[in-house]
Amino acid sequence: MKRAFFSLMLLATPLAAHDQITDDLHIIHPSIPAPIASAKSAAGYVTISNEGDTPEELIGLRTPFAVSSTLHTTIFEDGIARMRPLSGVTIAPGEVVNMEPGGMHVMFMGLTGPAQEGDMIPATLVFRQAGDVAIEFMVDPVDGADHSTMDHSGH
Ligand SMILES: [Cu+2]
């Protein structure tokens with residue numbers, strides 16, 4: 001009985017979550033599903049909460065992990081998921097924006113090295129108001145999707 005209870009406790013604990021707080025922004029669990037070894041691109045996700053009283057916009061990012069890092073959104077045309085570049089991601093005051101699979105994401109093109117589950121990948125998010133914010137993307141378990149095969153027309 002005691003053992004079963006302990007297992008449930010482990011399942012309920014978000015062991016892998018991490019987050020970062022600036023004056024007005026709460027940046028929650030930046031993550032990259034582990035790319036396959038031969039992948040040339042990968043996607044990254046993050047949740048951003050604007051706890052200030054002025055609009056904020058994520059306008060880009062930098063990381064040594066990839067040759068190019070851009071903001072993307074996913075649109076559906078004729079039932080097919082296609083990705084399009086975004087010039088920025090607006091986060092209104094009091095709003096929480098989820099960049100997540102099937103929606104907005106960071107696109108890493110031209111990976112400069114391997115990434116394995118548990119790795120922490122340094123990056124700098126660039127906000128219009130807050131400027132540069134240093135974060136780390138956590139490499140999460142493989143999501144099973146080979147992102148490199150998704151349609152990237154429009155780049
Ligand atoms: Cu993409």
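This section reports on the structure supplied with the text. (Residues numbered from 1 in each chain as written. Predicted model: local features only at pLDDT ≥ 70, side-chain atom pairs only at ≥ 80, totals over all residues. Heavy atoms only, no water.)

Quick word on the coordination of the copper ion
The copper ion binds to the protein through His72 (ND1), Met83 (SD), His105 (NE2) and Met107 (SD); the donor distances cover 2.1 to 2.2 Å. Considering all 4 donor atoms around the copper ion, angles at the metal cover 79 to 135° and the coordination shape is irregular. Counting residues between consecutive donors of the copper ion along the chain gives the motif H-x10-M-x21-H-x1-M. You can see methionine 83 sitting in strand E6 (residues 80-86) and its partner methionine 107 sitting in strand E9 (residues 105-111), a full 24 residues away along the chain. As far as the burial class goes, methionine 83 and methionine 107 line up, both buried. (Donors = N, O, S within 2.8 Å, 3.2 Å for Na, K, Ca; no water. Tetrahedral: all angles 85-135°; square planar, octahedral: opposite > 155°, others 65-115°. Helix = DSSP H or I, 4+ residues; strand = E, 2+ residues; numbered from the N terminus. Buried < 20%, exposed > 50% of the residue type's maximum accessible area, 1.4 Å probe, protein only.)

What about the side chain of threonine 47?
Here threonine 47 lies in strand E3 (residues 41-50). Here threonine 47 falls in the buried class, since its relative accessible area comes to 17%. A polar contact of 2.8 Å, which involves the side chain of threonine 47, links it to the side chain of asparagine 98. Not counting the four nearest positions on each side in its chain, threonine 47 is found in contact with His26, Ile27, Ile28, Val96, Val97 and Asn98. (Polar contact = N/O pair within 3.5 Å; in protein donor to acceptor, adjacent residues only side chain to side chain. Contact = heavy atoms within 4.5 Å.)

A word on unusual backbone geometry
Excluding glycine, residues mostly have negative phi values, and the peptide bonds linking residues are mostly trans. Of note in this structure, histidine 29 is not a glycine but carries a positive phi near 45°. In this fold, histidine 29 is placed in strand E2 (residues 25-33). Here the phi dihedral of aspartate 78 falls at roughly 55°; this positive angle occurs in a residue that is not glycine.

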